[in-house]
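Working through the structure, step by step
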Amino acid sequence: MKIEIRSEPYDPWLEISLYQESGGLTPGSFGACSAFVGTMRDFNDGSAVSVMELEHYEGMTEQQLSNLAQEAQASYGLLDVLILHRVGKISPNDPIVLVVAWSAHRAAAFDACRDMMELLKSKATFWKKETRPDGHRWVSQNTSG
Amino acid sequence: MKIEIRSEPYDPWLEISLYQESGGLTPGSFGACSAFVGTMRDFNDGSAVSVMELEHYEGMTEQQLSNLAQEAQASYGLLDVLILHRVGKISPNDPIVLVVAWSAHRAAAFDACRDMMELLKSKATFWKKETRPDGHRWVSQNTSG
Amino acid sequence: MPISVKCFASLRERLNVDKMSVPYESEMTVQDVWQQMTNQSPPDNLLCARNHEYVNFAETVRDGDEIAFFPPVTGG
Amino acid sequence: MPISVKCFASLRERLNVDKMSVPYESEMTVQDVWQQMTNQSPPDNLLCARNHEYVNFAETVRDGDEIAFFPPVTGG
């Protein structure tokens, strides 16, 4: 399992490749992998967005992500989990969040990946501030999935 | 949209990267990407599996994949879809199927990716023949997701 | 034109038929094509397609159609 | 030891408080910490955590706790 908060841009697909090759997952053991990537759009709630700042609660956020990954692993019998989340100054088209679940069969991977994303969106202590043509704006809340 | 049946091994994560960079998807337009990879395990139904042959119905299968991708794109308002499926002689740990859905928001990407996988598993004309220690065996049916 | 028939997977191996032609007769159904080919009733679980679309055994075939028979699919 | 208080995001900017200390008093609740810091009732939508766990405003604090106040989360 790997949980990381990053202040630099990353390529989510390369991260999955590297993680799979890093040896934690036994080759031939997993039949299913479900991955979700949330990416910064250049448009939100009817306005262009040129840049975003992502703040987090250092210490608490890492613990939350680690807890939700461990709970998903236990309840769905996952073989492994990878979560990356970007913080700091973010540009449109930059990946923000990556959540990946590996399991023997597909239902567990799909269910767990989505559950982890919903928990992350609703509970994990991150906050987004958008820069729009008319100034800065803190995003007021996440929409439910 | 890209739909392809491959007789050679592929790296699904590299394929997503290359497809995203190939220019069909407008940078900044998509906020969500849900990807599923089905991989060959070295164990199935209580027996080791050393190799698998995947047969398909040339013409019909491609048409089915293309239809289900187009229907998902229309019903979920997806921005793009990528489906790859391996055929021929397959080894444990080889990726078999890759299904990817891009959309503005996460619910559509999650729902569409899973729907496409379930349709592919239940309808698309592929057949698996496993080589086990006691000989060859055609897989009799897919389990429901 | 005859009906072009294809068989796949375990069925292809069991019947030892990859593809074959069956003479077209008017009002012929998919089941008739199967019976002409095998002299048997369709087994449980047998699936069929006409011109790349799933159909029932009662479906009427047309001259020149491609009919396929196969076991349950196991892709993905 | 005092209570260590942290504020995040729009709240941090509005109160102009990143972190501060509030003197510990026995039987103090999270709401008391907020009121000592701001002289106001907690606004709607205010969330709080005690030692990195979400809690209600009625939660009792202990000497040396880290209490955090923040608006709804918007990650992912």
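See the structure shown above.
All values derive from a computational prediction rather than experimental measurement.

With that out of the way, let us pick up the environment of Ala35(A). If you trace the backbone, Ala35(A) turns up in strand β2 (residues 32-39). Note on Ala35(A): relative accessible area 0%, which makes it buried. Ala35(A) sits 75 residues away from Phe110(A) along the chain, and the two C-alpha atoms are 8.3 Å apart. Aside from chain neighbours lying at most four places away, what touches Ala35(A) is Trp13(A), Ile16(A), Val99(A), Val100(A), Cys113(A), Trp13(B), Cys33(B), Ser34(B) and Ala35(B).

Turning our eyes to something else, we now look at empty space enclosed by the protein. Counting across every chain of the model gives 1 cavity of 30 Å³ or more. Taken as a whole, the largest cavity spans an internal volume of roughly 40 Å³. Of all elements in the fold, only α3 (106-123) of chain A together with α3 (106-123) of chain B reach the threshold of two or more residues within the lining of the largest cavity. Grouping the amino acids of the lining of the largest cavity by side-chain chemistry returns 2 nonpolar, no polar and 2 charged.

Take the packing of aromatic side chains next. For any pair of aromatic rings, the description consists of the separation of the ring centres together with the inter-plane angle of the planes. For the coordinates displayed, the defined rule picks out 19 aromatic pairs over all chains. Ring geometry for Tyr19(A) and Trp102(A): centres 5.6 Å apart, planes at 40°, overall tilted. With a gap of 83 residues between them, Tyr19(A) in helix α1 (residues 12-21) and Trp102(A) in strand β8 (residues 95-103) connect regions that are remote in the sequence. Here Tyr19(A) matches Trp102(A) in class, with each residue buried. The interplanar angle of 10° and the centroid separation of 6.4 Å between the aromatic rings of Phe57(D) and Phe69(D) together place this pair among those described as stacked.

Think of a sheet as strands paired side by side through backbone hydrogen bonds, with each pair either parallel or antiparallel. All names here are of chain B. What the 4 strands build is an open sheet, ordered β7-β5-β9-β10; its pairing is antiparallel. What marks the edges here is a single partner per strand, and that holds for β7 (88-90) and β10 (135-138). Across this sheet, the average inter-strand angle for adjacent strands is 25°, counted without regard to direction. Here 6 bridges tie strand β5 (residues 51-56) to strand β9 (residues 126-132), and the two strands are oriented antiparallel to one another. Along β9, the bridge assignment pairs Met52 with Glu130.

Time to look at the sheet that holds strand β5 (residues 51-56) of chain A. Residue and element names in this part refer to chain A. Pairing in this open sheet of 4 strands is antiparallel, and the strands run β7-β5-β9-β10 from one edge to the other. Either end of the sheet is taken by a strand with one partner, and the two such strands are β7 (88-90) and β10 (135-138). Within the sheet, the average angular offset between the axes of one strand and its neighbour, ignoring direction, is 25°.

With that out of the way, let us pick up the packing of helix α2 (residues 60-76) of chain A against α3(A). All names here are of chain A. Where α2 contacts α3, the two axes come as close as 10 Å, and the packing angle between them is 155°. Here α3 runs roughly antiparallel to α2, going by the angle between their axes. The chirality of how α2 crosses α3 is right-handed. Note on element contacts: α3 touches α2 through Ala108, Asp111, Ala112, Asp115, Met116, Leu119, Leu120 and Lys123, opposite Gln64, Leu65, Leu68, Ala69, Ala72 and Tyr76.

A separate point is α2(A). Residues and elements named next belong to chain A. When the terminal C-alpha atoms of α2 are compared, their 24 Å separation across 17 residues agrees well with the 24 Å that a helix rising 1.5 Å per residue should span. Taken together, the buried positions of α2 are Met60, Thr61, Gln64, Leu65, Ser66, Leu68, Ala69 and Ala72. With its phi angle positive at about 60°, Gly77 sits one or two positions after the end of α2.

Another aspect to go through is the interface of chain B and chain C. Quite often, the size of an interface is put as the accessible area lost when its parts meet. Contacts between the two partners involve 25 residues from chain B, matched on the other side by 19 residues from chain C. Of the roughly 1800 Å² buried between chain B and chain C, counting both surfaces, carbon and sulfur atoms make up 57%. Per-residue buried area on chain B facing chain C is highest for Tyr57(B), Met60(B) and Trp127(B); these three make up 37% of the total on that side. Inspection of the region where chain B meets chain C yields 2 salt bridges. We note a salt bridge from Arg12(C) to Glu55(B), for which the minimum N-O separation is 2.4 Å. Put simply, chain B and chain C have 14 residue pairs in polar contact (both at pLDDT 80 or more) between them. Looking at the side of chain B that touches chain C, the elements with two or more residues in it are β5, α2 (60-76), β8 (95-103), α3 and β9 of chain B. A per-class count over the side of chain B that touches chain C returns 10 nonpolar, 9 polar and 6 charged.

The two chain copies are related to each other by a rotation about an axis together with a translation along it. Here chain A sits on chain B after a turn of 180° about the axis and a move of 0.0 Å along it, with an RMSD of 0.0 Å. What the rotation and shift describe, once combined, is the action of a two-fold rotation axis. The fraction of interface residues of chain A whose copies in chain B are also interface residues reaches 100%, indicating that both copies meet through the same surface.

Thresholds, definitions, all that
Residues numbered from 1 in each chain as written. Chains lettered and ligands numbered in written order. Predicted model: local features only at pLDDT ≥ 70, side-chain atom pairs only at ≥ 80, totals over all residues. Heavy atoms only, no water. Helix = DSSP H or I, 4+ residues; strand = E, 2+ residues; numbered from the N terminus. Buried < 20%, exposed > 50% of the residue type's maximum accessible area, 1.4 Å probe, protein only. Contact = heavy atoms within 4.5 Å. 1 Å grid on protein atoms, 1.4 Å probe; cavity = no way out; pocket = protein on both sides within 12 Å on 5 of 7 lines; lining within 4 Å. Points joined across faces, edges and corners; volume = space filled by probe spheres on them. Nonpolar A, V, L, I, M, F, W, Y, C, P; charged D, E, K, R; others polar. Phe/Tyr/Trp six-rings, centres within 6.5 Å; stacked < 30°, edge-to-face > 60°. Pairing = 2+ DSSP bridges. Axes fitted to C-alpha atoms, helices over the stretch in contact; angles between N-to-C directions. Parallel < 35°, antiparallel > 145°, perpendicular 65-115°, else oblique. Left-handed = near helix turned anticlockwise from the far one by under 90°. Expected span 1.5 Å × (residues − 1). Buried area = accessible area lost by both parts, 1.4 Å probe. Salt bridge = Lys/Arg side-chain N within 4 Å of Asp/Glu carboxyl O. Polar contact = N/O pair within 3.5 Å; in protein donor to acceptor, adjacent residues only side chain to side chain. Least-squares fit on C-alpha atoms with pLDDT ≥ 70 in both.

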